[in-house]
Every structure is written in structure tokens, then in C-alpha cells.
Amino acid sequence: MAKKAKSKPARKAFRRAKPAAKKAAAKRSPVKVVTLKHKGASRGTSRKNGARSLLPPPSKKPFGRDGKALDGVRILDFTHVQSGPTCTQLLAWFGADVIKVERPGVGDITRGQLVDVKGADSLYFTMLNHNKRSITIDSKHPEGKRVLNELIKACDVLVENFAPGALDRMGLTWEHIHKLNPRMIVASVKGFGPGPYEDCKVYENVAQCAGGAASTTGFREGPPLVTGAQIGDSGTGLHLALGIVAALYQRGRTGRGQKVLAAMQDGVLNLCRVKLRDQQRLKAGPLTEYSQYGQNIPFGDTVPRAGNDSGGGQPGWILKCKGWETDPNAYIYFITQAPVWGAICDVIGEPAWKTDPEYATPKARLPKLKQIFDRIESWTMTKTKFEVMNICNEVDIPVGPILSMKEIAEEPSLRETGTVVEVDHPVRGKYLTVGNPIKLSDSISEVKRSPLLGEHTDEILAKVLGFSKTEVEKIKGSGALSAAGKEDKAA
Ligand code: COA
């Protein structure tokens with residue numbers, strides 16, 4: 001794991017620093033370098049089969065009070081915009097020390113995009129960069145390159161989502177990185193994997209289109225549609241985070257790093273897996289759960305857009321609720337799950353459908369889905385979406401109210417679980433964000449505000465890299481950490 005700050009020698013971590021690196025660091029800093037060993041590694045525990053495990057004995061501390069899942073992991077975060085920052089934010093929430101490298105004077109471009117409070121970092125930036133530290137380095141400046149090399153030696157993972165070839169153009173090739181630090185994991189988001197499009201720059205909606213999502217989203221008679229969920233950017237960031245954690249786990253056995261690639265096209269396609277399933281099912285005949293089947297509209301040779309049809313075997317549709325004429329979100333998703341068909345018939349006032357052979361079985365209902373949903377809708381329109389939800393939940397009918405972002409922002413249960421969090425920021429004041437959606441019972445995430453541009457530059461140079469005050473001043477004087485004519489927001 002990463003070399004720890006020399007000011008905190010008491011913290012435990014795996015031994016990693018090479019003698020030469022330690023000697024150099026000791027020269028720079030008067031603080032004694034302590035060789036650290038994993039608490040339980042030497043002890044081991046016997047297993048029934050006689051094999052020895054390197055796991056320490058189970059902690060006796062209360063759950064949530066024994067550090068974080070990724071404590072000791074240090075990330076060199078070279079990400080920008082959304083996909084990469086999503087990944088490193090998750091790792092930071094799990095306890096990794098994430099050092100975000102930003103271009104002097106400018107920073108991550110999203111700091112200044114979609115600005116709502118003049119002079120403050122945008123919500124776009126703040127909501128994707130919590131719990132990180134920021135250092136500004138001109139990666140093309142010779143002195144900047146020297147600092148970056150030191151960071152490579154001090155970190156476990158480098159994460160980047162530059163355009164194809166940009167990292168190489170900075171001189172940070174895999175060979176260079178691997179030579180400096182054979183344990184380093186180099187994780188990248190790219191638009192496409194190897195192939196005809198590998199050199200393309202890619203943003204969210206490009207990935208949604210190239211990954212199969214857009215062709216299968218929307219209504220059959222309308223154009224392809226992109227979804228508001230950022231499955232290309234945030235979805236790929238999630239994929240990358242899993243790849244990194246898996247590579248860290250493997251490194252525990254092999255001792256060496258590896259490259260991790262999450263291509264946005266691949267990530268989107270992975271999320272559209274059920275549609276590739278349907279593509280192959282077409283050979284066996286029409287897709288009977290698609291409502292176009294019941295409407296006698298023939299299928300072509302590719303998966304059609306399915307409107308609000310459910311992607312699984314349980315038919316569903318979005319239905320109007322009371323107030324739909326004025327409220328664009330007065331709707332509910334209603335699933336006619338087979339085991340609760342009887343309950344549905346009772347609720348909507350069609351008890352005879354329970355035994356009528358025209359309606360009693362899922363197979364009999366498939367050709368009549370539109371008519372059935374029209375009938376259910378005539379009932380849902382008499383109730384608010386929350387009334388429908390309450391009535392249906394009582395009898396186990398799966399339904400989902402269409403929640404607006406306003407309703408989500410105000411939902412108390414999401415605040416209680418830490419999924420929606422209010423954060424204070426020194427420049428913009430209080431704002432809402434989405435906290436860690438993945439809850440670990442022994443690694444509790446606290447959401448800390450995003451860093452100002454270059455806020456931790458001095459701290460990282462001194463405490464992580466062990467540069468002396470004089471060396472820090474020299475590096476700063478070289479211009480490698482600042483942009484001529486541009487002021488960093490943070491002192
Ligand atoms: N110091 C000096 N230069 C820096 C720097 C730093 N700290 N950080 C970045 N740069 C430079 C890069 O080296 C690059 O220079 P080069 O073109 O001379 O090699 C330049 O900034 C621009 O980087 P790039 O990644 O090309 O940004 P872009 O704004 O042109 O493109 C994307 C943005 C998102 C389209 C592109 O990065 C991309 O396709 N990324 C991969 C897919 C992805 O993640 N897309 C989703 C984004 S949410």
C-alpha cells in the first residue's frame with residue numbers, strides 16, 4: 001500500500017518503499033522513516049486444512065470504528081470531467097487518499113462549467129470530487145514531470161481519463177510508470193476499446209449511442225433517445241472502480257500492478273446486456289413481452305425501442321395518476337407480476353379476470369397488455385401516485401412512483417441513509433449532493449467537500465513527497481505549479 005505520510009509514522013501499512021527511495025526521502029526530511037509491517041501478516045491463523053492465512057484475527061473494534069476499506073491506498077488522480085472523477089470519488093469514500101492533479105490556473109474543466117454561483121466551483125465539479133486533495137502541476141514542465149515521478153513512486157494507483165494518447169504524450173507511458181513503480185496500477189477510461197474507434201474522444205451521449213442504449217430507448221415510432229442517467233460516464237466510472245479494487249486484490253498476491261481499462265462503449269453495452277439477449281431471441285420469433293407484439297406490429301431484424309415496457313419477463317408500463325394534467329411527474333410504473341395477478345384484479349375492481357381464461361394466465365394476457373394497462377390506468381388516475389403506492393404495497397404489487405428531482409431532494413429517508421447529503425463549501429455555501437450509494441457496514445463514508453484548486457499543493461509536496469521547505473520553494477519558483485498570468489483559486 002502507499003507510503004504513509006512521514007508525519008504519521010504510527011499508522012500501519014504494508015512495507016513498500018525501496019531502501020534507495022527511503023534514503024532519498026530521509027535526506028529531504030528530518031523525520032525518521034519507519035519500516036511498517038501489516039499487523040497480522042507475520043502472525044497468520046491456522047485453517048482446518050493446515051493452510052496458513054495472512055488475514056489478521058477478526059477485529060474486536062465495533063463495526064464502523066476500524067478504519068475504512070481502502071485505508072492505506074493512495075491514488076494519483078489524473079481524471080477530469082465526469083467518468084474518471086466518479087471512479088476516484090468512490091475510492092475516496094472507501095477511504096483511499098485521492099490526490100487530484102490539476103492543470104495550474106485552470107484545473108478540471110468542470111470547475112468552470114455550468115456555473116451557478118459566480119466565483120465558486122460549479123456543482124458539476126463539487127458533486128464529483130468530494131473527499132479528494134488537489135495539487136496543481138503542469139505535467140509538461142520538466143520540474144512538473146519530476147514531481148509527478150515522485151508521486152508515481154508514492155502512489156498505488158494512477159487513474160486517468162484523458163483523450164487517447166494524452167498520457168503517453170506527457171511522457172507517462174506504461175513502461176515509464178512501471179519502471180518507476182512496478183506495483184502501480186494504471187487505470188483508464190477511454191471511449192472505445194482497441195479497434196477502429198480507439199482514437200476517438202468520447203462524451204456521455206456518444207457512449208450511450210455507441211453502446212446500444214440509444215437504439216433501444218424511446219418509443220418505437222420515435223427517434224432513438226438518450227437517458228438522463230449518466231450510464232456512459234458515471235456507469236463507466238463504476239466499472240473502473242471495480243477493476244481497480246480487483247487489481248489491488250490481485251496485487252496483494254502477485255506484488256505487481258497492471259493496466260485496467262474500462263471503455264465507455266463496453267460499459268454501456270454491459271448495462272444493455274438484456275437487449276443483446278433480445279437480439280438473439282429474435283431468431284426464435286417475436287418478443288412476446290414487448291407491447292408491439294400484442295398490437296400485431298411485426299418485428300424487424302433488430303431489437304426495437306420498447307417504450308416503457310419492462311425489460312424482464314414481468315410486463316410493466318408507466319400509468320397516469322391523479323393530477324397528471326398539470327404535474328409532469330404524476331405517474332407510476334406498474335408491474336403486472338404474475339404471482340400477484342389476483343391482487344391486481346381485486347384492487348382495480350376486475351375480480352372476474354382472476355379466473356377468466358382470457359386473462360387468468362400470463363400467456364393469455366400477453367396479446368392484451370395495452371388493453372389491460374389502459375384498464376389499470378383508469379384506476380390509477382383516480383389516486384395520487386403515493387396513494388397507488390400505498391395500496392399496492394399492502395398487497396405486494398410492485399409499483400414505482402415517478403419521483404421528480406425536487407421530491408428526491410426533499411425525501412427524508414434518503415437524507416437519513418446518507419444517500420442525499422448536505423455539504424458546506426467555503427465559497428458556495430451549502431449544497432446538496434449524492435453521497436456514497438454503496439453502504440459498507442464496517443467502512444462508513446463521510447462526505448467531505450471538494451478541494452479548491454491547488455488547495456493541498458504544499459501539503460502534498462511536504463508531507464507525501466517529503467520535500468523540504470527550500471525544495472518546495474524551488475519547485476514553485478520554477479513555474480511548474482502555477483500558470484503564468486493566471487491565479488489559482490486557493491492560496
Ligand atoms: N498539465 C499540462 N497539460 C495537461 C494537464 C496538466 N496538469 N492535464 C491535462 N493536460 C493536457 C493533456 O496533456 C492534453 O494535451 P495534449 O492534447 O497535448 O496531449 C490536453 O490537456 C487535453 O486533454 P484531453 O483529455 O484531450 O481533453 P479534451 O478536453 O480535449 O477532451 C475528453 C476531453 C473527455 C473528450 C477526452 O479527455 C476523452 O475522450 N477522454 C476519454 C473518455 C472520457 O473519459 N470521456 C468522458 C468524459 S466525462
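Residues numbered from 1 in each chain as written. Predicted model: local features only at pLDDT ≥ 70, side-chain atom pairs only at ≥ 80, totals over all residues. Heavy atoms only, no water.

*Asks:* How do you make sense of the overall build of the protein chain when you look at a structure like this?
*Replies:* For the protein chain, the count of helices and strands is 19 helices and 13 strands. Taking contacts inside the protein chain between residues at least 6 apart in sequence as the whole, the part at least 24 apart equals 66%. Total accessible area on the protein chain stands at roughly 25600 Å², and carbon and sulfur atoms take up 57% of it. (Helix = DSSP H or I, 4+ residues; strand = E, 2+ residues; numbered from the N terminus. Contact = heavy atoms within 4.5 Å. Areas by Shrake-Rupley, 256 points an atom, 1.4 Å probe, with all protein chains shown as cover.)

*Asks:* How should the site of the ligand be read in this particular structure?
*Replies:* Around the ligand, a shell composed of 23 residues is seen, among which R103, A163, R169, K201 and V202 lie nearest. Within the side chain of S83, an N or O atom sits 2.9 Å from an oxygen atom of the ligand. Within the backbone of N161, one N or O atom sits 2.9 Å away from a nitrogen atom of the ligand. About the coverage of the ligand: the protein hides 84% of its 930 Å² of free accessible area. Partitioning the shell around the ligand into residue classes produces 10 nonpolar, 6 polar and 7 charged. (Near = heavy atom within 4 Å. Polar contact = N/O pair within 3.5 Å; in protein donor to acceptor, adjacent residues only side chain to side chain. Nonpolar A, V, L, I, M, F, W, Y, C, P; charged D, E, K, R; others polar.)

*Asks:* Quick question: what am I supposed to make of the environment of V260 here?
*Replies:* If you trace the backbone, V260 turns up in strand β8 (residues 259-263). Considered as a pair, V260 and I244 are 16 residues apart in the sequence and their alpha carbons are 6.8 Å apart. Here V260 is in contact with I185, V186, A187, S188, L240, G243, I244 and A247, once residues within four sequence places are set aside.

*Asks:* For this particular structure, what's the right way to read the pairing of strand β7 (residues 185-190)?
*Replies:* The side chains of a regular strand alternate, first on one face of the sheet and then on the other. Among the 6 residues in β7, 6 count as buried, and that is most of the element. Of the two faces of β7, both are covered, the one formed by I185, A187 and V189 as well as the one formed by V186, S188 and K190. As judged from the 4 bridges shared by strand β6 (residues 157-160) and β7, these two strands associate in the parallel manner. Looking at the pairing, L158 lines up with V186 of β7. Direction of pairing for β7 relative to β8: parallel, over a ladder of 5 bridges. Residue pairing across strands places S188 opposite L261, the latter belonging to β8. (Buried < 20%, exposed > 50% of the residue type's maximum accessible area, 1.4 Å probe, protein only. Pairing = 2+ DSSP bridges.)

*Asks:* So what exactly am I meant to see when it comes to the packing of helix α12 (residues 341-348) against helix α14 (residues 369-380) here?
*Replies:* In a packed pair of helices, the relevant descriptors are the angle between the two axes and the axis-to-axis distance. Where α12 meets α14, the axes come as close as 9 Å, and the angle between the chain directions of the two elements is 50°. By the criterion of interaxial angle, the relationship of α12 to α14 is oblique. α12 and α14 meet at a crossing whose hand is left-handed. Along the contact surface, α12 presents W341, I344, V347 and I348, while α14 presents I372, R375, I376 and W379. The residue inventory of the contact of α12 with α14, partitioned by class, reads 7 nonpolar, no polar and 1 charged. (Axes fitted to C-alpha atoms, helices over the stretch in contact; angles between N-to-C directions. Parallel < 35°, antiparallel > 145°, perpendicular 65-115°, else oblique. Left-handed = near helix turned anticlockwise from the far one by under 90°.)

*Asks:* It is not clear to me how the sheet that holds strand β11 (residues 399-401) should be interpreted in this structure. Could you clarify?
*Replies:* Within a sheet, neighbouring strands are paired by backbone hydrogen bonds and run either parallel or antiparallel to one another. Within the open sheet, the 3 strands sit side by side as β9-β10-β11. Their pairing is antiparallel. Looking at which strands have only one partner, the edges of the open sheet turn out to be β9 (316-320) and β11. Shown here is a sheet whose adjacent strand axes are inclined to one another by a mean of 20°, direction ignored. Sheet topology places β9 next to strand β10 (residues 331-335); 5 bridges connect them, and they run antiparallel. The residue bridging G316 from the neighbouring strand is I335, located in β10.

*Asks:* Would you mind showing me how to read the side chain of D121 here?
*Replies:* Within the element layout of this structure, D121 appears in the loop between β4 (97-102) and α3 (123-126). Among the polar contacts made by the side chain of D121, one reaches the side chain of R111 at a distance of 2.8 Å.

*Asks:* Can you walk me through the packing of aromatic side chains in this structure?
*Replies:* For any pair of aromatic rings, the description consists of the separation of the ring centres together with the inter-plane angle of the planes. The full count for this structure, using the stated rule, is 6 aromatic pairs. Look at Y290 and F299: their rings are 6.0 Å apart centre to centre, the planes differ by 70°, and that puts the pair in the edge-to-face class. We classify F299 as buried; its relative accessible area is 19%. An aromatic cluster of three or more residues is present, and its members are W341, W353 and Y359. Across the ring face of W341, the terminal group of R365 is positioned such that the distance to the ring centre comes to 4.0 Å. (Phe/Tyr/Trp six-rings, centres within 6.5 Å; stacked < 30°, edge-to-face > 60°. Lys NZ or Arg CZ within 6 Å of the ring centre and 35° of its normal.)

That's the geometry; what it means functionally is another story.
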